[in-house]
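What follows is the residue order along each chain.
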Amino acid sequence: AKAVFLRDELVKIPGVKAVEPVPFFNEFVIELELDAAEVVGRLIDRGFAAGFPLGRYYPERRNQLLIAVTEKRTREELKNFANAMEAVLWK
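Conventions adopted
Residues numbered from 1 in each chain as written. Predicted model: local features only at pLDDT ≥ 70, side-chain atom pairs only at ≥ 80, totals over all residues. Heavy atoms only, no water. Salt bridge = Lys/Arg side-chain N within 4 Å of Asp/Glu carboxyl O. Buried < 20%, exposed > 50% of the residue type's maximum accessible area, 1.4 Å probe, protein only. Axes fitted to C-alpha atoms, helices over the stretch in contact; angles between N-to-C directions. Helix = DSSP H or I, 4+ residues; strand = E, 2+ residues; numbered from the N terminus. Parallel < 35°, antiparallel > 145°, perpendicular 65-115°, else oblique. Left-handed = near helix turned anticlockwise from the far one by under 90°. Contact = heavy atoms within 4.5 Å. Phe/Tyr/Trp six-rings, centres within 6.5 Å; stacked < 30°, edge-to-face > 60°. Pairing = 2+ DSSP bridges. Core = buried A, V, L, I, M, F, W, Y, C linked by side-chain atoms within 4.5 Å.

Draft legend 1. Layout of the pattern of salt bridges. For the coordinates displayed, the defined rule picks out five salt bridges. Between Lys12 and Glu9 there is a salt bridge, and its shortest N-O distance comes to 3.0 Å. On the accessibility criterion, Lys12 (59% relative accessible area) is exposed. You can call Glu9 buried: its relative accessible area is 10%. A single network of salt bridges, built from pairs that share partners, joins Glu9, Lys12 and Lys79.

Okay, here's the thing in structure tokens:
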């Protein structure tokens, strides 16, 4: 449920699209308008380990980010992550 919550929050951000269809367990892929590795770096600067940029192994997927959500994360933490994602995408 927390992964679904985060994905729903992220796809509300302009420029973020869901890639994988539902249902899913705790991992999902989003597509960004920017290079995912760059976005990950920006989020690390804000204290978030954002996920795995798929372009690292699949060059044609450089704008896609694999995100995993564990049961340890609260909805507040997930909302903060979504807010940070929006901030780094539209700075």
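Still to come is the rest of the account.
Draft legend 2. Seen up close, the packing of helix α2 (residues 36-45) against helix α3 (residues 75-89). Taken N-terminus to C-terminus, the directions of α2 and α3 make an angle of 120 degrees; their axes are 10 Å apart at the nearest point. Taken together, the axes of α2 and α3 are oblique relative to one another. Handedness of the α2/α3 crossing: right-handed. On the side of α2, the interface is formed by Val39, Arg42 and Leu43, while α3 contributes Phe81, Ala84, Met85, Val88 and Leu89.

Draft legend 3. Molecular detail of the packing of aromatic side chains. Tallied over the full model, the rule gives three aromatic pairs. Pairing Phe24 with Phe28 gives two aromatic rings, centres 5.5 Å apart and planes at 50 degrees, and the pair type is tilted. The same class applies to Phe24 and to Phe28, which are both buried. Relative to Tyr57, the ring of Phe52 has its centre 5.8 Å away and its plane inclined at 15 degrees; by these criteria the two rings are stacked.

Draft legend 4. Representation of the sheet that holds strand β1 (residues 17-18). What the four strands build is an open sheet, ordered β1-β2-β4-β3; its pairing is antiparallel. The two strands at the open ends of the sheet, each matched to only one other strand, are β1 and β3 (52-53). Relative to strand β2 (residues 27-31), β1 runs antiparallel, the two sharing two bridges. Paired with Lys17 across the two strands is Glu31, which belongs to β2. With respect to the sheet, helix α1 (residues 2-10) is in contact with β1, β2 and β4 (64-68), its orientation differing from that of β2 by roughly 5 degrees.

Draft legend 5. Local environment of the nonpolar core. In this structure, Leu6, Leu10, Phe28, Ile30, Ile67 and Met85 are the most contacted members of the largest nonpolar core, which totals 25 residues. Sorting the residues of this core by element identifies α1, β2, α2, β4 and α3 as the ones contributing at least two each. The element that contributes the greatest number of residues to this core is α3, accounting for seven residues. Once residues within four sequence positions are removed from consideration, Ile30 is found in contact with Leu10, Val16, Lys17, Val19, Asn63, Gln64, Leu65, Ile67 and Met85.

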